[in-house]
Amino acid sequence: MITDARALRPEQLPRDLHHREGQLDHLSSVLDPTGSTRSEDVCIYGPSGAGKTTIAKYTLGLLEREVLDVRWGYVNCMAESSPAAALHELLRDAGLGADLRREGTHKADALHRLREYDDQQIICIIDEVDVLDDPSLLLSLYQIPHVAQIPITTKQDEWLAGLDSRVETRFRRAESLHLEKYSHRELVDILDARVVHGLISARVADNAVDHIADLAAGNARSGVALLRRAAKHVEQNDLNELTTEVVDAIVEDAEADLRERRIRSLGTHKRLLYEIVREAGEIDSGTLHARYEDRSLSAKARSTRRKYLKSLRRYNLIASDGTGRSTTYHHVEPDGTIRSAACNTT
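Residues numbered from 1 in each chain as written. Predicted model: local features only at pLDDT ≥ 70, side-chain atom pairs only at ≥ 80, totals over all residues. Heavy atoms only, no water.

S.K.: So what's going on with the overall build of the protein chain? Which residues, and what values?
M.R.: Each helix and strand counted, the protein chain has 14 helices and eight strands in total. The C-alpha atoms of the protein chain give 21 Å as radius of gyration, which agrees with the globular expectation for 346 residues (20 Å, within 12%). For the protein chain, the spread of C-alpha atoms along the three principal axes comes to 60 × 55 × 35 Å. Looking at the 346 residues of the protein chain, the share that counts as buried comes to 51%. Accessible area of the protein chain: about 16500 Å², with a carbon and sulfur share of 44%. Seen as two clouds, the 47 positive and the 56 negative side-chain charges of the protein chain have centres 6 Å apart. (Helix = DSSP H or I, 4+ residues; strand = E, 2+ residues; numbered from the N terminus. Rg over C-alpha atoms; globule rule 2.2 N^0.38 Å. Buried < 20%, exposed > 50% of the residue type's maximum accessible area, 1.4 Å probe, protein only. Areas by Shrake-Rupley, 256 points an atom, 1.4 Å probe, with all protein chains shown as cover. Lys, Arg positive; Asp, Glu negative; His and termini not counted. Charge placed at Lys NZ, Arg CZ, Asp CG, Glu CD.)

S.K.: I'd like a rundown of the packing of aromatic side chains, residues and numbers included.
M.R.: Counted according to the given criterion, the structure contains one aromatic pair. Between R20 and the ring centre of Y182, over which it is positioned, the NZ or CZ distance is 4.1 Å. (Phe/Tyr/Trp six-rings, centres within 6.5 Å; stacked < 30°, edge-to-face > 60°. Lys NZ or Arg CZ within 6 Å of the ring centre and 35° of its normal.)

S.K.: Report on the state of the cysteines, specifying residues and quantitative values.
M.R.: A complete count under the given rule lists zero disulfides for this structure. With no disulfide of its own, C77 lies 11 Å from the sulfur of C124, the closest cysteine sulfur. (Disulfide = S-S within 2.5 Å.)

S.K.: I'd like a rundown of unusual backbone geometry, residues and numbers included.
M.R.: Leaving glycine out, the prevailing phi sign among residues is negative, and the prevailing peptide bond configuration is trans. Positioned with a positive phi, H19 is a non-glycine residue whose angle comes to about 60 degrees. By the secondary structure assignment, H19 is in the segment before α1 (21–31). A positive phi angle, near 50 degrees, is found at D238, a position not held by glycine. Of note, D238 is situated in the loop between α10 (220–236) and α11 (244–265). For D238, a relative accessible area of 69% gives the class exposed.

S.K.: Before we move on, could you go through the sheet that holds strand β8 (residues 328–331) and cite the residues and values that matter?
M.R.: An order of β6-β8-β7 is seen for the three strands of this open sheet, with the pairing classed as antiparallel. What marks the edges here is a single partner per strand, and that holds for β6 (282–284) and β7 (318–321). The sheet shows a mean angle of 25 degrees between the axes of neighbouring strands, taken without regard to direction. As defined by bridge partners, β7 adjoins β8 across four bridges and the pair is classed as antiparallel. Bridge pairing in β8 links I318 to H331. (Pairing = 2+ DSSP bridges. Axes fitted to C-alpha atoms, helices over the stretch in contact; angles between N-to-C directions.)

S.K.: How would you summarise the packing of helix α8 (residues 184–198) against helix α9 (residues 208–216) if you had to cite specific residues and measurements?
M.R.: Where α8 meets α9, the closest approach of the two axes is 9 Å, and the angle between their N-to-C directions is 125 degrees. As far as their axial angle goes, α9 and α8 are oblique. In this structure, the crossing between α8 and α9 has a hand that is right-handed. Listed contacts from α9 to H184, L187, V188, L191, D192 and V195 of α8 are V209, D210, I212, A213, D214 and A216. In terms of residue class, the contact of α8 with α9 is built from eight nonpolar, one polar and three charged. (Parallel < 35°, antiparallel > 145°, perpendicular 65-115°, else oblique. Left-handed = near helix turned anticlockwise from the far one by under 90°. Contact = heavy atoms within 4.5 Å. Nonpolar A, V, L, I, M, F, W, Y, C, P; charged D, E, K, R; others polar.)

S.K.: Describe a negative patch on the surface, listing the residues and the values that go with them.
M.R.: A cluster of acidic residues, E252, D253, E255 and D335, forms a negative patch on the protein surface. Tracing the chain through its elements places D335 in the segment after β8. Overall, the relative accessible area of 54% leaves D335 in the exposed class. (Patch = residues over 30% accessible without salt bridge, like charges linked within 9 Å, V, L, I, M, F, W, Y side chains within 5 Å. Salt bridge = Lys/Arg side-chain N within 4 Å of Asp/Glu carboxyl O.)

S.K.: Describe the environment of D321, and please don't skip the residues or the numbers.
M.R.: Topologically, D321 is positioned in strand β7. When the C-alpha positions of D321 and D284 are compared, they lie 9.7 Å apart, and in sequence the two are 37 residues distant. A polar side-chain atom of D321 sits 2.7 Å from a polar atom in the side chain of H330. (Polar contact = N/O pair within 3.5 Å; in protein donor to acceptor, adjacent residues only side chain to side chain.)

S.K.: Give me helix α2 (residues 52–66): which residues, what numbers.
M.R.: For α2, spanning 15 residues, the distance from its first C-alpha to its last is 22 Å, which sits close to the expected 21 Å at 1.5 Å a residue. Within the span of α2, buried status applies to K52, T53, I55, A56, K57, Y58, T59, L60, G61 and L63. Residues of α2 that are buried sit in contact with α1, β1 (42–45), β2 (70–76), β3 (121–127), β4 (147–153) and β5 (175–178). (Expected span 1.5 Å × (residues − 1).)

S.K.: Mind laying out the sheet that holds β2, listing which residues take part and the relevant values?
M.R.: Strand order in the open sheet made by the five strands is β2-β3-β4-β1-β5, with parallel pairing throughout. One side of each edge strand has no neighbouring strand; the edge strands of this open sheet are β2 and β5. The average angle at which neighbouring strand axes cross in this sheet is 15 degrees, direction not considered. As paired elements, β1 and β4 share two bridges and run parallel to each other. For Y45, the partnering residue across the bridge sits in β4 and is T153.

S.K.: Please provide a residue-by-residue account of the layout of surface pockets, values included.
M.R.: Reported here for the second largest pocket is a volume of approximately 370 Å³. Broken down by element, the residue count for the lining of the second largest pocket peaks at three residues, all from helix α12 (residues 268–280). For the lining of the second largest pocket, a count of residues per class yields four nonpolar, nine polar and five charged. (1 Å grid on protein atoms, 1.4 Å probe; cavity = no way out; pocket = protein on both sides within 12 Å on 5 of 7 lines; lining within 4 Å. Points joined across faces, edges and corners; volume = space filled by probe spheres on them.)

Take it as geometry only, folks, not as evidence of what the structure does.
What follows is the structure, given as structure tokens:
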């Protein structure tokens, strides 16, 4: 059934970028450092599963092959949100910091390392940028002439509104790229390409991919997770064909896979906050913060914790109701149910 498992990996870049050709051309023109012109900063925003990270990495992969002296690095702030940790990951991913220790490398040291490579254009993809502990890091990066940034977020205006005025002004002037959810037909094409490159196409029922696209509702990440789990189910159970019945049988398992990946991606402090809510099931704001401070070796500021909790809600790992000190947090179960019925998940 499975001929190339890489085609079914959520993080695997596609061989061809379907239905983003116009955005790809625009992003390439902004990032291509021609002559004496540096790459420009560009913010990519849109809903989950719209291909924001994919188009950034795909475009830079092309640019790296076509242009000399271009490097790029990636960091997801859900995993690394302190300035020093984020910079360390960016440097290592760009191949510039293999000798730097994760612990003990300060922000100033990492920025100095970036400045040393002034004969190259360095582009930093900063995913889930709204979770970054200190957005002033973006200003520090902007002040290095040969460094460009691609911050990625779901809601650009909301992210900008929470920034220091100097950082906000800079990124309101920067280029931006808005991605919409994929249409049903577009998502079918994306999944068909994964089938061609990763599965025996003849063993996938004609209407199975169409059914997966219906269930994924424009979210490519969900679509790939469903396809991957369905193919695995066919192999494990020695079935002849991947059908709509197979897809219906694995929906909960695919959602659990996505949820587990989200949990694994959490950095130390975000995971601790999540675990406290999970253990309690339902917990008021004051008790949550008190338990966090008791269990954390180096507690983050309350404002930073609120940012983390907001990101956990966006990942649908927790939910909340109330405001301010009256906020109550609830664990979202793997099947999507919430401990309290009167709960607002937005």
